[in-house]
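Analysis of the macromolecular model
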Amino acid sequence: MDAVQKNKDDEIYPELVLITGMSGAGRTEAMHVFEDLGYFCVDNLPTRLIPSLVDLQTRDKEEGIAEAKKNAIVCDSRNGKYFAALADEIRAIRDAGSNLRVVFLDANDEKLVARYKASRRRHPLCDEGTTIAEGIQKERAMMLPIKDLADIVIDTSDLLPQNLRQHLRSLFESETSSRGLSVTVYSFGFKHGAPVDADLVMDVRFLPNPYYVPELKPLTGLDSEVRDYVMLRDETIEFEKKWHDLLDVVMPGYVKEGKQQLAIGIGCTGGQHRSVAIAESTGSYLKNKGYRASIAHRDLEKR
């Protein structure tokens, strides 16, 4: 089945992604990706409860109680005796017409052994007196029927966590990549303290200060008079060109790394005039570029 194929009943049935595979192959990392993508995630759900989750959300959709959710469920050998029924459950869910995709994460035995030794955690199939390698072999035999049913098989033997994240996002991100990043642009005044939560800080105190213009001093960067004073100056026009060029370089990089939240601080002396006007302009620029951007002003009430 094509990894991006959509079922004809998508509008009725909730989207369901089943994450499974070998222990140590990256299931936890994968679940974090789906959480960031807005999926309702359940780790180690007992196999026989999967149809119940699908039925519940389908009824909610049909009755108009809620929209069909996107779900990501991790189901693996930790299920113990329930895991044996997983293959039958997958077939039953598909036969019912549900929108199910199975992601199987794998890695070679050498990598799995090394990862378990590094983590110092016990393999779920390692009983007393059983080695990690023996547990892996037992799990691999259990997983073989599930792997045959998988829509997507990813070998993580040579993948770094960020590579796995990027691959999953490319397969399952329904929005444009830029929309997956939430950006907050906020103004602040250095005299009230430098920001502690900003990923990127721009100091605009080099621009002419409206504070020293008597008729502009009581206003803020939200007022048109101050905005025009700041934004229409030659030095600001030149700065914005360079600033936008920088954003055009770094923003795609943040998206590629899978960053979900980004804070950009724009600072001037008091956080009333220049930083407010530039923050508003920066937020508008990012929105026009397709980013999910919001604008805030940290120190505007401190006049």
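What counts and what doesn't
Residues numbered from 1 in each chain as written. Predicted model: local features only at pLDDT ≥ 70, side-chain atom pairs only at ≥ 80, totals over all residues. Heavy atoms only, no water. Phe/Tyr/Trp six-rings, centres within 6.5 Å; stacked < 30°, edge-to-face > 60°. Buried < 20%, exposed > 50% of the residue type's maximum accessible area, 1.4 Å probe, protein only. Lys NZ or Arg CZ within 6 Å of the ring centre and 35° of its normal. 1 Å grid on protein atoms, 1.4 Å probe; cavity = no way out; pocket = protein on both sides within 12 Å on 5 of 7 lines; lining within 4 Å. Points joined across faces, edges and corners; volume = space filled by probe spheres on them. Helix = DSSP H or I, 4+ residues; strand = E, 2+ residues; numbered from the N terminus. Nonpolar A, V, L, I, M, F, W, Y, C, P; charged D, E, K, R; others polar. pLDDT = per-residue confidence, 0-100. Contact = heavy atoms within 4.5 Å. Core = buried A, V, L, I, M, F, W, Y, C linked by side-chain atoms within 4.5 Å. Salt bridge = Lys/Arg side-chain N within 4 Å of Asp/Glu carboxyl O. Pairing = 2+ DSSP bridges. Axes fitted to C-alpha atoms, helices over the stretch in contact; angles between N-to-C directions.

For the rest of this paragraph, the subject is the packing of aromatic side chains. The final tally for this structure, using the stated rule, is seven aromatic pairs. With a centroid separation of 6.3 Å and an interplanar angle of 55°, the aromatic rings of tyrosine 186 and phenylalanine 188 are classed as tilted. Both residues of the pair, tyrosine 186 and phenylalanine 188, count as buried. Among the aromatic side chains, those forming a connected cluster through ring pairs are Phe34, Tyr39 and Phe172. When the ring centre of phenylalanine 190 is taken as origin, the NZ or CZ atom of arginine 205, which lies over that ring, is 3.8 Å away. In this structure, arginine 233 packs its charged tip against the face of tyrosine 229, placed 4.9 Å from the ring centre.

The calculated volume of the largest pocket comes to roughly 490 Å³. For the lining of the largest pocket, the secondary structure elements donating two or more residues are helix H1 (27-36), helix H4 (109-119) and helix H6 (161-172). In terms of residues, the lining of the largest pocket owes the most to one element, H1, which gives four residues. Residue composition of the lining of the largest pocket, by class: nine nonpolar, six polar and seven charged. There is about 250 Å³ of room inside the second largest pocket. For the second largest pocket, the lining is made up of 15 residues, of which Lys191, Tyr211, Gly270, Gln272 and His273 are closest to its centre. A class-by-class count of the residues in the lining of the second largest pocket yields three nonpolar, seven polar and five charged.

In this section: the confidence of the model for the protein chain. Looking at the protein chain, the pLDDT average stands at 86 and 89% of residues meet or exceed 70. Mean pLDDT in the protein chain bottoms out at helix H2 (residues 50-62), which sits at 74, and peaks at helix H7 (residues 224-231), which reaches 97. Here residues 1-11 is modelled with pLDDT under 50, and outside its nearest four sequence neighbours on either side it reaches 15 contacts, counting other chains as well.

Let us now look at empty space enclosed by the protein. This model, assessed by the stated rule, comprises one cavity of 30 Å³ or more. Approximately 30 Å³ is the volume found for the largest cavity. In terms of lining residues, the largest cavity is bounded by Leu16, Leu18, Ile50, Leu86, Glu89, Ile90, Ile93 and Leu100. Put simply, the parts of the chain that give the lining of the largest cavity at least two residues each are strand E1 (15-21) and helix H3 (86-95). If one sorts the elements of the lining of the largest cavity by residue count, H3 sits on top with four residues. The residue inventory of the lining of the largest cavity, partitioned by class, reads seven nonpolar, no polar and one charged.

Attention now goes to unusual backbone geometry. Even without being glycine, asparagine 44 reaches a positive phi, approximately 60°. Of note, asparagine 44 is situated in the loop between strand E2 (40-43) and H2. You can call asparagine 44 partly exposed: its relative accessible area is 27%.

The biggest cluster of nonpolar side chains holds 44 residues, and the ones touching the most others in it are Leu18 and Phe172. Considering every element that reaches this core, the biggest residue donor is strand E4 (residues 99-106), with five residues. Here leucine 18 is in contact with Ile50, Ile73, Cys75, Leu86, Ile90, Leu100, Arg101, Val102 and Val103, once residues within four sequence places are set aside. Counting residues in each nonpolar core, the second largest holds 28 residues, with Val230, Phe239, Ala277 and Ile278 among its members.

What follows is about the pattern of salt bridges. According to the stated counting rule, one finds 17 salt bridges in the structure shown. Residue arginine 78 is joined to aspartate 76 by a salt bridge in which the shortest nitrogen-to-oxygen separation is 2.8 Å. Aspartate 299 is paired through a salt bridge with lysine 302; the nearest N and O atoms lie 3.0 Å apart.

Turning our eyes to something else, we now look at the pairing of strand E7 (residues 200-203). Residues Leu200 and Met202 line the buried face of E7, whereas the alternating positions Val201 and Asp203 sit on a face that is not buried. As judged from the four bridges shared by E7 and strand E8 (residues 261-268), these two strands associate in the parallel manner. Each bridged residue has a counterpart across the sheet, and for leucine 200 the counterpart in E8 is isoleucine 264.

Turning our eyes to something else, we now look at the sheet that holds E4. Here we have five strands laid out as an open sheet, ordered E2-E3-E1-E4-E5, and parallel in their pairing. The outermost strands of the open sheet, each flanked by one partner alone, are E2 and strand E5 (152-155). Adjacent strand axes in the sheet meet at a mean angle of 20°, parallel and antiparallel pairs treated alike. Most of the contacts of H1 go to E1, to which it runs at about 165°, and overall it touches E1, E2, strand E3 (70-74) and E4. Across the sheet, H3 lies against E1 and E4, angled at about 150° from E4, the strand it touches most.

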